[in-house]
Amino acid sequence: YIIKDNDRALDMVVASVERLLNNALVKVLVVDDVRSARQGLVELLRLQRFNVIQARTGQQALEALDQDRDICLILTDYHMPDMNGYELTRLIRKRFASDELRIIGISSSSDRLLSASFLKAGACDFVYRPYVAEELQCRINLHVQALSQIRQLRAAAFQDYLTELYNRRYFFREGPALVERCLMRVEPCSVAILDIDHFKKLNDSFGHDSGDVVLKAVADYLKGVCCPHGALLGRLGGEEFGMILPNMSLRQALSFCDSIRGDIATLTVPLPAGETTVTVSIGLAEIGGRESFDNYLHAADQFLYLAKRFGRNQVYS
Ligand code: GH3
Ligand code: MG
Ligand code: MG
Ligand code: MG
């Protein structure tokens, strides 16, 4: 009844329900050799609706991390039979940075320097037992919030604002790894650069905002066709898009790109001043041998130049 009369209270309830729903997606690993100590933490975490798993030793914790890449928070004891908490922390930090995995040390030891040892080993926080449940909950929530903010920032840093595709930074960061994976598996792979034809004219006739609408329509279409193939698609800049096509030989990529070209030519984009159509030119190169990623892109760019020169609305490889 009180909540009904108070918007602010209602907002707070909604926010805490949302937080609890999000917590269900957060996987937490509790590491302690003493069952009752583990149990206390597990209960505290489950009250907050976290998805909790447990380990009795450092070794078990490392194995759990190997099997489950979703773990993003670890609460670890200090005294354990096989390794102590900050040794475990140090081992984990060799593989997972604090921007993807948070570690909180917990101990009933009376050694006041223990917290520093944990923090130096790479823990993000430390609490002494007996802990105050509410304080520990607040600390856990702060770490979970920090991880979520990092994820949001990272997503924003790698996304093109207008088209919501990956941006150039992401394309050049992930592209080489994708190509490398194909080469290791001895699978074919191709790289394409697509550029909208006479886009400047379109901007000049319909205005920049309409140009943006066309860019978004082309991007949406490309996302739809690239996703099922596991292709890496990004906006490289302006009206230019890059595609890494794993598992496609040059011949397959040629037919894939030509169907993209054909589809886009029949796309009608509704604009405030009526509707318009666009065509695209595509330069395509096959990946093979040991060239650098930049060289493959350069080759695709050269072919794009030729596609433009020989009349646009075509794929050149
Ligand atoms: P070509 O067929 O040779 O590719 O000619 P073009 O006109 O498409 O190429 P050009 O490089 O001369 O012009 C590209 C234009 O794209 C110029 C630039 O103003 C426009 N452009 C770049 N980014 C954006 C954007 O985000 N929105 C809009 N509306 N226009 C953009
Ligand atoms: Mg212990
Ligand atoms: Mg162009
Ligand atoms: Mg261009």
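Structure: see above.
Note that the structure is a prediction, hence the values are computed from the model and not measured.

Colleague: Could you give an account of the environment of cysteine 189, with specific residues and numbers?
Modeller: Turning to its location among the elements, cysteine 189 is positioned in strand 6 (residues 189–196). Of the residues examined, cysteine 189 has 24 C-beta atoms within 10 Å and is grouped as buried. Once the C-alpha coordinates of cysteine 189 and leucine 29 are considered, the two residues, 160 residues apart in sequence, prove to be 39 Å apart. The contact partners of cysteine 189, leaving out residues within four places of it in the chain, are Val179, Cys182, Ile244, Leu245, Pro246, Met248 and Ile287.

Colleague: Break down the packing of helix 4 (residues 85–93) against helix 5 (residues 114–121) for me, with residues and values.
Modeller: When two helices pack together, their arrangement is given by the angle between the helix axes and by the axis-to-axis distance. The N-to-C vectors of helix 4 and helix 5 enclose an angle of 15°; their axes lie 8 Å apart at closest approach. Between helix 4 and helix 5, the angle falls in the class roughly parallel. The two elements helix 4 and helix 5 cross, and the hand of that crossing is right-handed. Residues Gly85, Tyr86, Thr89, Arg90 and Arg93 of helix 4 touch helix 5, and the partners they reach there are Ser117, Phe118 and Ala121.

Colleague: Can you explain the sheet that holds strand 11 (residues 280–287)? Please cite residues and give values.
Modeller: Strand order across the open sheet formed by five strands is 7-8-6-11-12, with mixed pairing between neighbours. Looking at the sheet topology across the chains shown, the edges are occupied by strand 7 (232–237) and strand 12 (315–316). As paired elements, strand 6 and strand 8 (residues 240–246) share seven bridges and run antiparallel to each other. Paired with cysteine 189 across the bridge in strand 8 is proline 246. Lying over the sheet, helix 11 (residues 293–309) contacts strand 6, strand 11 and strand 12, oriented at roughly 145° with respect to strand 11.

About the thresholds
- Residues numbered from 1 in each chain as written.
- Chains lettered and ligands numbered in written order.
- Predicted model: local features only at pLDDT ≥ 70, side-chain atom pairs only at ≥ 80, totals over all residues.
- Helix = DSSP H or I, 4+ residues; strand = E, 2+ residues; numbered from the N terminus.
- Buried ≥ 20, exposed ≤ 12 C-beta atoms within 10 Å, placed from the backbone.
- Contact = placed C-beta atoms within 7 Å.
- Axes fitted to C-alpha atoms, helices over the stretch in contact; angles between N-to-C directions.
- Parallel < 35°, antiparallel > 145°, perpendicular 65-115°, else oblique.
- Left-handed = near helix turned anticlockwise from the far one by under 90°.
- Pairing = 2+ DSSP bridges.

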